[in-house]
Amino acid sequence: MHNDQLKSLVNERVAEGRQGLSFVNRSIVYKDAPALFDLLDYENDDIFLEPILFQYSHLSDELQNLPQIMFGYLADDQKPELLTVLTNKKGTAYIPKFGHIYTDAANTKITLNWDRDQKRFVGLRDSGYQLLRTVSAQYRDGFEIYQDEIVELNHYFGIDHSREDLGVAAQYKLHEDEMDQSFRVIKSIYPEFHQVLNDALKSFYLFKTKTNRSFATIQSMGISYLNVEDENGLIFFLEDIIHQSAHNIFYYVLADEDVFSVNPTDPMSLYSSHPNAHGDVYGTFHGLFTLTNITEFLSRCIAQNTFDGLQHLEVQGRISDNMKRFKTALEVFDERKIYTDLGWELYGMLKASYESVYQENHELIASFETSNQPYVFSFKKFLEANPVVAQ
């Protein structure tokens, strides 16, 4: 983050948020499953910041299975010999911190047999079904990349566990290289963001659907959901990883609910007459933080000549488009009455970041036509609107 004051605030708030939210989740596990709680490492915050555990704390239905959520965090000799899980339409179940289980039992609850001596699942208790294989959780740069669909997350996509294929397995295999490259570039170009990301993010869920954009949600904090097309390249992944991961960081920053003097669920249009005052106060304010980090990263890529050719041109197009969006968002939120003193100070830091990046890139930003851009940046449309630069 360009502003040292913003960097310090974010680091401090993330640390405080981790402590507070992990305590809340500890209390939930203790209340709902005290015997299971006693087997967990109480001092390990990461256990109680598991994204599926956040979801368990927000939702209550048959998909939320606490023993399944915590199984991977138990020592091998403490794992129960029987574990009931729910499978999806392909007979697959996911166990956090452990991996994916493949069976021939589709859309049903099954009970797995755990062998403590062999330290693995050895079959199913249910007659008529077979355990086909287990695939260990895969990590890139410390972040888990989910390898297949997770039935517990399907409700975010408006589907039940027996219908649409989200293409998770295919996108994981297709884009492993881009994810690896993205982590290396972010760590090199934007190390302070990468550092705080390790405290706020656990995993990535790559999917492909026409009904959802990429997103993050407070209900499963710690997951960045990326909607990807087969042809998406490195620059797309860099921006989208920073975008969705910044949401996860900002959930921690705003966890104490001491930034706004108004109800954060109120429509922003109640407090701003700007024609682009859409959405609620909390959700749209997030956009200022995501844009702060996206534009800072893109600006550094340009200054350091990180890319060349079409990739460099795409970075330029993206910063031009994002800075125009950033300017509009700042205008919408330039309303002192919605903030506490801390919130107004935070707004000032985000505005200062915009001004710094604009000063460094103002000629480039103005030189490109981006009015034809949809919500998700299209390099194809950028080239259509700026045909000269592509020659």
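Rules of the game
Residues numbered from 1 in each chain as written. Predicted model: local features only at pLDDT ≥ 70, side-chain atom pairs only at ≥ 80, totals over all residues. Heavy atoms only, no water. Helix = DSSP H or I, 4+ residues; strand = E, 2+ residues; numbered from the N terminus. Rg over C-alpha atoms; globule rule 2.2 N^0.38 Å. Contact = heavy atoms within 4.5 Å. Areas by Shrake-Rupley, 256 points an atom, 1.4 Å probe, with all protein chains shown as cover. Lys, Arg positive; Asp, Glu negative; His and termini not counted. Charge placed at Lys NZ, Arg CZ, Asp CG, Glu CD. Patch = residues over 30% accessible without salt bridge, like charges linked within 9 Å, V, L, I, M, F, W, Y side chains within 5 Å. Salt bridge = Lys/Arg side-chain N within 4 Å of Asp/Glu carboxyl O. Buried < 20%, exposed > 50% of the residue type's maximum accessible area, 1.4 Å probe, protein only. Polar contact = N/O pair within 3.5 Å; in protein donor to acceptor, adjacent residues only side chain to side chain. Core = buried A, V, L, I, M, F, W, Y, C linked by side-chain atoms within 4.5 Å. Phe/Tyr/Trp six-rings, centres within 6.5 Å; stacked < 30°, edge-to-face > 60°. Pairing = 2+ DSSP bridges. Axes fitted to C-alpha atoms, helices over the stretch in contact; angles between N-to-C directions.

Trainee: Tell me what's going on with the overall build of the protein chain, and back it up with residues and numbers.
Mentor: Per the secondary structure count, the protein chain includes twelve helices and ten strands. A compact globule built from 391 residues would reach a C-alpha radius of gyration of about 21 Å, and the protein chain, at 22 Å, matches this within 12%. Projecting the C-alpha coordinates of the protein chain onto the three principal axes gives extents of approximately 70 × 50 × 35 Å. Of the contacts made within the protein chain by residues no fewer than 6 positions apart, 66% connect residues no fewer than 24 positions apart. Of the roughly 17,100 Å² that the protein chain leaves accessible, carbon and sulfur atoms contribute 47%. Computing the positive centroid from 34 side-chain charges and the negative centroid from 57, the protein chain places the two 3 Å apart.

Trainee: An account of a negative patch on the surface is needed here, citing residue identities and associated values.
Mentor: Among the surface-exposed residues, Glu12, Glu16, Asp256 and Glu257 lie close enough to one another that they form a single negatively charged patch. On the secondary structure map, glutamate 12 appears in helix α1 (residues 4-32). Overall, glutamate 12 belongs to the partly exposed group, its relative accessible area being 47%.

Trainee: Explain helix α3 (residues 51-58) to me, and be specific about the residues and the numbers.
Mentor: Counted residue by residue, α3 has six buried out of eight residues, so it is predominantly covered. Taken residue by residue, α3 has Pro51, Ile52, Leu53, Phe54, Gln55 and Tyr56 as its buried positions. Summarising the contacts, the buried residues of α3 are in contact with α1, α4 (66-70), β9 (203-207), β10 (223-227) and α8 (234-253). Between the side-chain oxygen of the N-cap and the backbone nitrogen of isoleucine 52 there are 3.1 Å, and the N-cap of α3 in question is glutamate 50.

Trainee: Any details on the nonpolar core? Residues and values, ideally.
Mentor: Counting residues in hydrophobic clusters, the biggest one holds 80 residues, and the most contacted among them are Phe204, Ile249, Phe285, Phe297 and Phe333. Counting residues per element, this core draws most heavily on α8, which supplies 13 residues. In this view, phenylalanine 297 contacts Val185, Ile186, Ile189, Tyr190, Leu238 and Ile242; residues no more than four positions away in its chain are not counted. Listed in part, the 29 residues of the second largest apolar core include Val29, Phe37, Tyr73 and Tyr146.

Trainee: Break down the pattern of salt bridges for me, citing the residues and quoting the values.
Mentor: Per the counting criterion, the structure on display carries 18 salt bridges. Where aspartate 76 meets lysine 79, a salt bridge forms, and the shortest distance between an N and an O atom there is 3.0 Å. A residue is classified by how much of its surface remains accessible, and lysine 79, at 3% relative accessible area, is buried. Residues participating in the shared-partner salt-bridge network are Arg140, Glu176 and Asp180.

Trainee: Please give an account of the packing of aromatic side chains that cites residues and values.
Mentor: The geometry of an aromatic ring pair is captured by the separation of the ring centres together with the interplanar angle, meaning the angle of the planes. Considering all chains together, one arrives at 39 aromatic pairs under this definition. With centroids separated by 5.9 Å and ring planes inclined at 75°, the aromatic side chains of phenylalanine 98 and tryptophan 114 adopt a geometry described as edge-to-face. Residue phenylalanine 98 is located in the loop between β2 (92-95) and β3 (99-103), and its partner tryptophan 114 is located in strand β4 (residues 109-115); the two are separated by 16 residues in the primary sequence. With relative accessibility at 4%, the residue tryptophan 114 sits in the buried group. Measuring from ring centre to ring centre gives 6.4 Å for phenylalanine 157 and tyrosine 225, while their planes differ by 65°; the resulting arrangement is edge-to-face.

Trainee: Describe in detail the sheet that holds β4, supporting the description with residues and values.
Mentor: The strand order across the open sheet built from three strands is β1-β4-β5, with neighbouring strands paired in antiparallel fashion. Because the sheet does not close on itself, it has two edges, and the strands there are β1 (82-86) and β5 (120-124). In this sheet, neighbouring strand axes are inclined to one another by 40° on average, regardless of whether the strands run parallel or antiparallel. Alignment of β1 against β4, held across five bridges, turns out to be antiparallel. When the sheet's bridge partners are listed, leucine 86 is paired in β4 with lysine 109.

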